[in-house]
Amino acid sequence: MEVSLPISHMPKNEQLPATVPTNSTLPQAQSSGLIARGLAAIQQSLSVPEKQDAESLFKKGMRYRNDEGGTPQNSEQARAYFLAAATLNHAEAQYELSLLLGEYNEWPKAVGWLEKSVSLGFGPAQQYLAKLLSDPLIADHLSNPNYDESQLYRQASAWFEERAKAGDPAAQYDLALMHWNEEATNYSPEEAMRWMKAAAEQDHGFACLRLGEWLLDDKAPHHNTEQGIYWFSRAAELGKSHACQRLGDLYLLGHMGGRYASKRGEKSSQLIPPDKNSAVSWYERQIELEKERGSFMGAQSLGRLYLFGDYLDQNMLLAERWLLHAANAGNLDSQRLLGSEYTSGKRLKRNATAALHWLKMAEQNSSSSKHCDQYQLGYFYEHDNDNAPNYLDAIMWYRNAADQGEYRAQKGLGSLYEFGRGVPTDYVQAYKWYALSVANSYGKPGIRDFHAVAIKARDVLAQKMIPSHIAEARQLASDWLGNITSLHPADYELAREGLVKGAS
Amino acid sequence: MNLQEKGWLKVLPEEQELARLDAQQKELEEQLVSAELSLETAATEIERFKQRYYRAVGRLYAELDELEAKISNARLKQAPNDPNVRAHAKASEERAKRTAEEAGFVESQPDSEPEITPTLKQAYRRAVKLMHPDLALTEKERLRRTALMAQINLAYKRGDLAAIEKLIKEYGEDPEAIVGEDVASRIVKTIRRIAQLRRRIDEVKQELEALKKTDIYRLKQTIEEQEANRGDPLGDLARDLKRQIVEKQRKAYA
């Protein structure tokens, strides 16, 4: 037997078994995006600074709330800062927090903070509570059931008056609006005018706008066209695009009734002789101001004026220019209008490629009425394609729209099935879609004519069918209606009724 | 042993040394098993928390990012030539894609057991003590044990008590059990085991430390602390995200 020191038995280092990781559950080294984000969000929510005083917390919150001073709008941050300031009994922060919470429908909390702010005597909170006292959203959550509306209102107006007298334009503006309210106990147009003017003279943009509005009201005793125009143009200088639009309309029409007043059968008395050139330059100013905010209402509206020529001389070049300006910026109405104008060729020159482009853009852009745009695309492929009808695309778009209950698309789909366009002729499918078109257009006053046409199409088809096929198609239509979830409940009820009543 | 301790038998110095080393090995084995258990438990709890977290907010984050991508694409349509806008649109689209993948992946994972029972922990302890690869003396045995250990860990993670017990039963006798050998060989083997045990204990401790530095562990700790104080941070986060979604929707469809 060999005798040796233990150490000689020790294997050399390289003979030691290799290290093999045994723990399979270790987290991967790669960091996960959502976990880091959740961690940051939760840590941030826990670490709203507490050392700062209430006022500076509140101001920070306002910066996040209103997109001020280079601080991007962020309601989360605003809320956190308001909450911190509100907890330190900052009445204005409590009021702002309450408004913010109301926007999120967190009424119990919103009302709680509102009451705190009221109890600290904050005027806007008192006014707000007075206004909404009977609203169940508020009333159901009040901890004190004994508020008195007129007392709150008096307290609020005293609060505003104190500050208005001290020269605060925002308080002057609010006080003026309180005096303007006919139902208020302190209703006084003279006081309202006085305070509104005081605010406007301090370059309060909304006050200038409101003052212009009041002075141009020809039924009011204080009516003064010249001064009204002056205050509107002041508001425009202060960047209020709405003032430009109102001035444009005034110069275009000569009155303040607006472009649709005559269509509504309203009479507005003439204030100035119309001046189209001035109108256009105000509209162009409006477009400039709106552009900064990413809004394109003015361009769309000016494009329409040139296109239809009701008030301005018809000018296709300018119409196209302004509509394209708005449409390129994503304005849905302009995209739709261009799509239909380029299709019909009634006013703008017919251009199938451009029409298709804008119809598609509108379809992508629209949200609540997407099915209408899908129907328009289907219609385009069926009827207006430059080369030849493209039934396959027509079916696709009709189908998308029809599945959401678009009655015109359903009828279109029915006729494609009836005459075997893009699909093999299939009377059962055709009848099903006609029947659904009848059902979905049932009981809607604006589309009675269409409803009658759809019934006729269905009944003409029925003459070519055997009863068992008709019964099958009706069953399919009824099944479709049973499965659809995208219809508005009221429309759904109507369609159900229409399917049954229209069947006879 | 008893007789030796009581001095009834003459104890050789080597035998004394062996006894000391044996005791040390036993002590280290205990330490190792505890360390492995806490590491594995932490990892399992993290896994469970991860599922809870993703179920609470994964989908919301995905929705939020998708909306943001939509908004920045809309902006790109308004300013197709602005390189900043383009870069932002691209980045937010990529982020939306990543988030959707991340949220979807965890959602597709099967449910895990609700909690780790003491019985399960005991079984795990027994199994580890028996089969830990760092108790092996040859490469072959070590590899065999490594595979077994992976199975034990998986079973523990699943909360599968029966599987662990089956592994223990099937393992049977330790093929390297140190019996019937001379004292010198036993000392050598014990010294080696002690070295391996020490190394692994350090390793496990480091792994546990590393685990505690991960975002997911910190998130879990933060949330559980809040919950212990009757807070609902995960619910608050979900509500916040919903609010952000509503806001973005308004923006996207404005």
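## A closer look at the overall build of chain B
Piece 1. Summing up its helical and strand segments, chain B has 9 helices and 0 strands in all.
Piece 2. Counting all 254 residues of chain B, 41% fall into the buried class.
Piece 3. Contacts in chain B between residues at least 24 apart in sequence constitute 78% of all its contacts with a sequence separation of at least 6.
Piece 4. As displayed, chain B offers around 14200 Å² of accessible surface, 52% of which is attributable to carbon and sulfur atoms.

## Points about the overall build of chain A
Piece 1. Across its full length, chain A carries 26 helices and 0 strands.
Piece 2. By the burial criterion, 46% of the 504 residues in chain A qualify as buried.
Piece 3. Taking the contacts inside chain A whose residues are at least 6 apart along the sequence as the reference set, 51% of them involve residues at least 24 apart.
Piece 4. Counting every atom, chain A has about 25900 Å² of accessible surface; 51% of that belongs to carbon and sulfur.

## Looking at the environment of L177(A)
Residue and element names in this part refer to chain A.
Piece 1. Within the secondary structure layout, L177 lies in helix α10 (residues 169-180).
Piece 2. With a relative accessible area of 26%, L177 lands in the partly exposed category.
Piece 3. If we ignore the near neighbours within four places in the chain, the residues touching L177 are M196, R210 and W214.

## Description of the packing of aromatic side chains
Where two aromatic rings form a pair, the distance of their centres and the angle of their planes describe that pair.
Residue and element names in this part refer to chain A.
Piece 1. Overall, the coordinates contain 16 aromatic pairs over all chains when judged by the stated rule.
Piece 2. Plain terms: the ring middles of F122 and W159 are 5.1 Å apart, the flat faces sit at 75° to each other, and that makes the pair edge-to-face. Of this pair, F122 sits in the loop between α6 (107-119) and α7 (123-132) while W159 is found in helix α9 (residues 149-165), placing the two residues 37 residues apart along the sequence.
Piece 3. By relative accessible area, F122 is classed as buried at 8%.
Piece 4. On the basis of relative accessibility, which here comes to 14%, the residue W159 falls in the buried class.
Piece 5. An aromatic cluster is present here, built from Y95, F122, Y128, W159 and F160 joined pairwise through their rings.
Piece 6. The side chain of R321 reaches across the aromatic face of W322, ending 4.4 Å from its centre.
Piece 7. Sitting over the face of the ring of Y407, R408 holds its NZ or CZ atom 5.8 Å from the ring centroid.

## Examining helix α21 (residues 391-402) of chain A
Piece 1. In this model α21(A) runs 15 Å from its N-terminal to its C-terminal C-alpha over 12 residues, within 8% of the 16 Å that 1.5 Å per residue would give.
Piece 2. Within α21(A), burial applies to A394(A), I395(A), W397(A), Y398(A), A401(A) and A402(A).

## Focus: helix α17 (residues 316-328) of chain A
Residues and elements named next belong to chain A.
Piece 1. Given a rise of 1.5 Å per residue, 13 residues ought to cover 18 Å, and the 17 Å separating the end C-alpha atoms of α17 matches this to within 8%.
Piece 2. Residues A319, W322, L323, A326 and A327 constitute the buried set of α17. Buried residues of α17 fall within an arc of 135° about the axis and therefore sit on the same side.
Piece 3. Following α17 by one or two positions, G330 has its phi on the positive side, about 100°.

## Concerning the environment of Y283(A)
Residue and element names in this part refer to chain A.
Piece 1. Its place among the elements puts Y283 in helix α15 (residues 276-293).
Piece 2. By relative accessible area, which is 1% here, Y283 ends up buried.
Piece 3. Sequence separation between Y283 and C244 is 39 residues; the distance between their C-alpha atoms is 6.3 Å.
Piece 4. Other than its neighbours up to four places away in sequence, Y283 contacts Q245, G248, D249, L252, R259, L302 and L305.
Piece 5. Reaching out from Y283, the side chain makes a polar contact with the side chain of D249 at a distance of 2.3 Å.

## Here's the deal with unusual backbone geometry
Residues and elements named next belong to chain A.
Piece 1. For N105, which is not glycine, the phi torsion reads 60° and is therefore positive.
Piece 2. Looking at the element boundaries, N105 is found in the loop between α5 (91-103) and α6.
Piece 3. According to the relative accessible area criterion, N105 is exposed, its value standing at 56%.
Piece 4. Despite not being glycine, D203 shows a phi value in the positive range, around 65°.
Piece 5. Along the polypeptide, D203 turns up in the loop between α11 (189-201) and α12 (205-215).

## With respect to the confidence of the model for chain A
Piece 1. Across chain A, pLDDT averages 83, with 90% of residues at or above 70.
Piece 2. Contacts for the low-pLDDT stretch residues 1-31 of chain A, under 50 throughout, to residues beyond four places or in other chains number 49 contacts.

## Considerations on the packing of helix α3 (residues 54-66) of chain A against α5(A)
Residue and element names in this part refer to chain A.
Piece 1. α5 packs onto α3 with a crossing angle of 35° between their chain directions and a minimal axis gap of 10 Å. Viewed along their axes, α3 and α5 form a crossing whose handedness is left-handed. Between α3 and α5, the residues in contact are F58, M62 and R65 and E92, A93, E96, L99, L100 and E103, respectively.
Piece 2. Partitioned by chemical class, the residues of the contact of α3 with α5 number 5 nonpolar, no polar and 4 charged.

The rules behind the values
- Residues numbered from 1 in each chain as written.
- Chains lettered and ligands numbered in written order.
- Predicted model: local features only at pLDDT ≥ 70, side-chain atom pairs only at ≥ 80, totals over all residues.
- Heavy atoms only, no water.
- Helix = DSSP H or I, 4+ residues; strand = E, 2+ residues; numbered from the N terminus.
- Buried < 20%, exposed > 50% of the residue type's maximum accessible area, 1.4 Å probe, protein only.
- Contact = heavy atoms within 4.5 Å.
- Areas by Shrake-Rupley, 256 points an atom, 1.4 Å probe, with all protein chains shown as cover.
- Phe/Tyr/Trp six-rings, centres within 6.5 Å; stacked < 30°, edge-to-face > 60°.
- Lys NZ or Arg CZ within 6 Å of the ring centre and 35° of its normal.
- Expected span 1.5 Å × (residues − 1).
- Arc of directions from axis to C-beta.
- Polar contact = N/O pair within 3.5 Å; in protein donor to acceptor, adjacent residues only side chain to side chain.
- pLDDT = per-residue confidence, 0-100.
- Axes fitted to C-alpha atoms, helices over the stretch in contact; angles between N-to-C directions.
- Left-handed = near helix turned anticlockwise from the far one by under 90°.
- Nonpolar A, V, L, I, M, F, W, Y, C, P; charged D, E, K, R; others polar.

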